[in-house]
Amino acid sequence: MIRTLKALFESPQSENRESLEPDLRLAAAALLVETARADFTEDEIELNRLSQLLKTSLKLEQEEVDALVLNARERVEEATSLYELTKVINDHCSADQKLELISAMWAVAYADGDLSKYEEHLIRQVADLTYVPHADYIHCKLAANE
């Protein structure tokens, strides 16, 4: 158990952006999946928007997107808090990348034309956990609703 706790606070010296890329992709995809599920329904329109965002932003083939979404769903089911999903984002993403994530979450939330209070609350939590300023959070929300 002590070894497990120590591992949480130690980061490998050879860790670089390329080795983290799968973890970053999975964390971002999991947050988008969580956004699509936040209103307790998995709307096909939201799932299609989620897939489209992953495909274009990460430059993936559809098969890769499908596998990523499947892994992200499993990750969401295993997660006990949003902190688990946002920690990797905080540790390795720039402020601009965090804004892109919040914008993508808004795009998924608005995809079905109905923003639920649960979707809005989730995005607000993620913005807080990733230190996105409130003004930027609002800007992303307004931009996604245009």
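What this report covers is the structure whose coordinates are included nearby. (Residues numbered from 1 in each chain as written. Predicted model: local features only at pLDDT ≥ 70, side-chain atom pairs only at ≥ 80, totals over all residues. Heavy atoms only, no water.)

Digging into the overall build of the chain
So, step 1. Tallying secondary structure elements over the chain gives 8 helices and 0 strands in all.
So, step 2. The linear arrangement of helices and strands in the chain, starting from the amino end, is α-α-α-α-α-α-α-α.
So, step 3. Taking all 146 residues of the chain together, 37% fall into the buried category.
So, step 4. At a minimum sequence separation of 6, the contacts of the chain that also span at least 24 residues come to 73%.
So, step 5. Per element, the accessible surface of the chain, about 9000 Å² overall, is 53% carbon and sulfur. (Helix = DSSP H or I, 4+ residues; strand = E, 2+ residues; numbered from the N terminus. Buried < 20%, exposed > 50% of the residue type's maximum accessible area, 1.4 Å probe, protein only. Contact = heavy atoms within 4.5 Å. Areas by Shrake-Rupley, 256 points an atom, 1.4 Å probe, with all protein chains shown as cover.)

Looking at helix 6 (residues 95–110)
So, step 1. With 16 residues, helix 6 extends 23 Å between its outermost C-alpha atoms, agreeing within 8% with the 22 Å of an ideal straight helix rising 1.5 Å per residue.
So, step 2. When helix 6 is considered as a whole, its buried residues turn out to be Lys 98, Leu 101, Ile 102, Ala 104, Met 105, Trp 106, Ala 107, Val 108, Ala 109 and Tyr 110. (Expected span 1.5 Å × (residues − 1).)

Describing the side chain of Lys 98
So, step 1. Tracing the backbone through its elements, the reader meets Lys 98 in helix 6.
So, step 2. Buried Lys 98, no salt bridge; nearest opposite-charge side chain is Asp 91, N-O distance 7.8 Å.
So, step 3. In this structure Lys 98 touches Ile 89, Asn 90, Cys 93, Thr 130, Tyr 131 and Val 132, once residues within four positions along its chain are discounted. (Lys, Arg positive; Asp, Glu negative; His and termini not counted. Salt bridge = Lys/Arg side-chain N within 4 Å of Asp/Glu carboxyl O.)

Here we look at the packing of helix 5 (residues 82–92) against helix 7 (residues 117–129)
So, step 1. Viewed as axis vectors pointing N to C, helix 5 and helix 7 meet at an angle of 45°, and their least axial separation amounts to 9 Å. As far as their axial angle goes, helix 7 and helix 5 are oblique. For the element pair helix 5 and helix 7, the recorded crossing hand is right-handed. When helix 5 is examined against helix 7, the residues Leu 82, Tyr 83, Thr 86 and Asn 90 are found in contact with a partner set consisting of Leu 122, Gln 125, Val 126 and Leu 129.
So, step 2. Here the contact of helix 5 with helix 7 is composed, by residue class, of 5 nonpolar, 3 polar and no charged. (Axes fitted to C-alpha atoms, helices over the stretch in contact; angles between N-to-C directions. Parallel < 35°, antiparallel > 145°, perpendicular 65-115°, else oblique. Left-handed = near helix turned anticlockwise from the far one by under 90°. Nonpolar A, V, L, I, M, F, W, Y, C, P; charged D, E, K, R; others polar.)

Section: the side chain of Glu 119
So, step 1. Within the fold, Glu 119 resides in helix 7.
So, step 2. The residues touching Glu 119, leaving out its near neighbours within four places in the chain, are Thr 35, Ala 38, Asp 39, Glu 46, Ala 109 and Asp 114.

As for the packing of helix 6 against helix 7
So, step 1. Packing of helix 6 against helix 7 brings their axes to within 10 Å, and their N-to-C directions diverge by 175°. Between helix 6 and helix 7, the interaxial angle falls into the category roughly antiparallel. From helix 6, Ile 102, Met 105, Trp 106 and Ala 109 reach across to helix 7, where they touch Glu 119, Glu 120, Leu 122, Ile 123, Val 126 and Ala 127.

In short, the description is geometric, and any link to function would need to be established separately.
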